[in-house]
Amino acid sequence: MAHTREEALQTTSDSEEEFTCSSEDDEDMEDESFHFKKRFDITKDTVCNENVAPSGSYRTRAASKRRSVFSTEDNLSQCESDSDQMPAAKRARTLSWKAMTDVDQVVQTLRFLPAREPGPHLSAADSRSPMSLFKLFFTESAVTNLCHNTNAQAARSIAKGRKYKWTDVSVDELYRYIGLVFYMAAVKMSSIADYWRQDSLFSLPFPATVMPRDRYRIISWNVHMSHPDADKENDRKRGTAQHDRLFRIKPLMNTIRLACKAFYHPRRNLAVKERLVACRANIGMTAYMKAKLTKFKFFVLSDSSNGYTVDFSVYTGKNSFPADRGLSYDAVMSLLDRKLLGSGYHVYMDDFYTSHKLLTDLFAQKFGACGTYRDQRKDFPKTAANSLSRSSGRGSIRWIRDGPLVCVKWMDTQVVSVCSTIHAAYTGERVQRKIKAQDTWKTKSFPCPAPVIAYNQHMGGVDLSDQLLQYYTAQHKTMKWYRKIFLHFLDIAANNAFILHKELHGNMTHDQFMEELIAELCGLSQKAAPKQFSTDHVPIPGAELTSDVRRIATVGRRICVHCKAVLGKKQQTPWKCKACDVHLCLQLNRNCFQEWHKSL
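Treat the numbers as computed from the prediction; the structure is a model and nothing was measured.

Asks: Is there a simple way to think about the pairing of strand β15 (residues 430–437) in this case?
Replies: Each regular strand shows side chains that alternate between the opposite faces of the sheet. In the sheet, β15 pairs with strand β16 (residues 440–447) via eight bridges, with the strands oriented antiparallel. Paired with Q432 across the strands is S445, a residue of β16. Where β15 folds back on β16, the antiparallel hairpin that results is connected by two residues, among which Q438 adopts a positive phi of roughly 55°.

Asks: How should unusual backbone geometry be read in this particular structure?
Replies: Residues other than glycine predominantly adopt negative phi, and peptide bonds predominantly adopt the trans conformation. Non-glycine residue Q438 carries a positive phi angle of around 55°. With respect to the helices, strands and loops of the structure, Q438 is situated in the loop between β15 and β16. The exposed category is assigned to Q438, whose relative accessible area is 77%. A positive phi angle, near 55°, is found at D581, a position not held by glycine. Along the polypeptide, D581 turns up in the loop between β20 (575–577) and α21 (592–598).

Asks: Mind showing me how you'd approach the packing of helix α7 (residues 140–159) against helix α8 (residues 171–186) here?
Replies: The description of two helices packed together rests on the angle between their axes and the distance between the axes. Between α7 and α8, the least distance of the axes is 9 Å, while the angle of their chain directions is 95°. Taken together, the axes of α7 and α8 are roughly perpendicular relative to one another. Across from E140, V143, T144, L146 and C147 in α7, the residues of α8 making contact are V171, L174 and Y175. Considering only residue class, the contact of α7 with α8 consists of six nonpolar, one polar and one charged.

Asks: Looking at this structure, I do not really get the environment of S328. What am I missing?
Replies: Locating S328 in the fold gives a position in helix α13 (residues 327–335). Between the C-alpha atoms of S328 and D351, which are 23 residues apart in sequence, the distance is 9.6 Å. Those residues in contact with S328, other than ones at most four positions away along the chain, are F352 and Y353. A distance of 3.4 Å separates the side chain of S328 from the backbone oxygen of F352, its partner in a polar contact.

Rules behind the numbers
- Numbers given to residues run from 1 along each chain, matching the order in which its sequence is written.
- The predicted origin of the model limits local features to residues at a pLDDT of at least 70 and limits the giving and counting of side-chain atom pairs to 80 or more, whereas totals for whole chains, interfaces and linings rest on all residues.
- In computing side-chain values, all of the structure's heavy atoms are included and hydrogens and water are not.
- Criterion used throughout: strands pair if DSSP finds at least two bridges between them.
- Runs of H or I in DSSP of at least four residues are treated as helices and runs of E of at least two as strands, each being numbered from the N terminus.
- Each residue is placed in one exposure class: buried if its accessible area under a 1.4 Å probe, protein chains only, is under 20% of its type's maximum, exposed if it is over 50%, and partly exposed if it falls in between.
- Lines fitted to C-alpha atoms define the axes here, with helix axes fitted over just the stretch in contact, and angles between the N-to-C directions of these axes take values from 0 to 180 degrees.
- Orientation categories follow fixed angle ranges, with anything under 35 degrees roughly parallel, anything over 145 roughly antiparallel, 65 to 115 roughly perpendicular, and all other angles oblique.
- In what follows, a contact means two residues having at least one pair of non-hydrogen atoms within 4.5 Å.
- As a working rule, the residues Ala, Val, Leu, Ile, Met, Phe, Trp, Tyr, Cys and Pro are called nonpolar, Asp, Glu, Lys and Arg charged, and the rest polar, with Gly in that last group.
- In protein, a polar contact requires one atom able to donate a hydrogen and another able to accept it; more generally it is a pair of N or O atoms within 3.5 Å, and residues adjacent in sequence count only if both atoms are side-chain atoms.

Pasting the structure below:
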């Protein structure tokens, strides 16, 4: 039996060496892909002959009908006599859960070969303003096309009987409109009309200086990313394979996606996660959520180091994905382009995406992957031999390796299941946790698997991206679904522009960046300079001092302008302001000098 285990481990080592072959050996990679498809054929996955009875009371009738790709140690001992005839790939799967004390094989890491130098692909020597970086994503040509489609949509609405005055929107005006959208994201009010109210304690003077309220609302009603006539033609194809559900947003979406990939190349660690945009439209492309609120689902690939959105796709309904692979598989594969990115990247994902087939196929394409997984997913280990139980202590670790893939279970407050093609199961890391002992909280360190540590560290990239988006999200209520997505495109462009500025210069906070971006978009040449007070505003005697002691108290006294204007009294004072050249009282019980300068 021991000999059989050594052969299985040696087979695993040989398999890993094949997976880390050079990039020029493409035929071997195709053979490995076929090898993985062949090895997980459940109809052929028999560990030993049918006469062998399953061992252990934990096997149910359902479990006996569908065998797991990982077999128990008891089955290994029963089939030891047939081990010579058993394929090497199946021998590697006949291991039970191993403990933390068992040494995992060192995984041969994939060589990191990015297609371009990671980081911004802009000259750091050139000083770039926030607006110039924003225009990398919302280019003038894209905004010109946006203006053309918006004007066409407005003309169509007026032809249908809409009664409002319309003049064609220009590129400069549309940039000012976008600036107001970001201003409203930074300064929250209960409704759009409140930004133009002038009879309130909370009145805001700035929006009215950019454009009138009615003009802003009319542009919001008609903003359009595709031409209305082309929309009409596409709508006639509804229900056929030629109908494009994303037709209304594709012109701008393609521009932004290309810009995201052109001006920045991601570093090694990437994160994949869904991003939700709330919308009440029911058009077959939304995901149902609680509280009767549907949401658009974006699949996002981001750089874990800074939250930069590298690429994204929009969920268009479950019927558009192949049934044999599933939504999660295709979503990840659509975002990872080896020709564009390169090879050797580490991709982190949550349990919605993680599957045995996805991670092994990514490894065959020279992408390492790590993520939490759901125990009931196909081809993940379901053996109970030496597995964690409810009585397992905190910090307990169990793992199983199958070729390049290691599955790890770790007991924290509850069982955490993580799999990886990047890491070894346990390399000695520990984490700090607070535990309650004798009515006092104490900090204690526990062993932690390497995949769990890396997952917690790098999945924060998407969380950071979402956090930056929420600070200044342009989202507000609108009746049309494609306008909700248009507002999210604004969020992506502003967030990526800020990250590029931070990578190139790093001399602005997020607040400062957005403030300057809004000012530039709205056509302000520079920020309004804070009011400066001259140092000449000091009190001086109203007349030259006299040597006559009897006249010192009366010479140069004049009426205080503040007392006369505010109090209606003619109070005389010998003091005046040097800069203003007006007489003002300066006494312990009446400081008109201070009150006068408050209004300046």
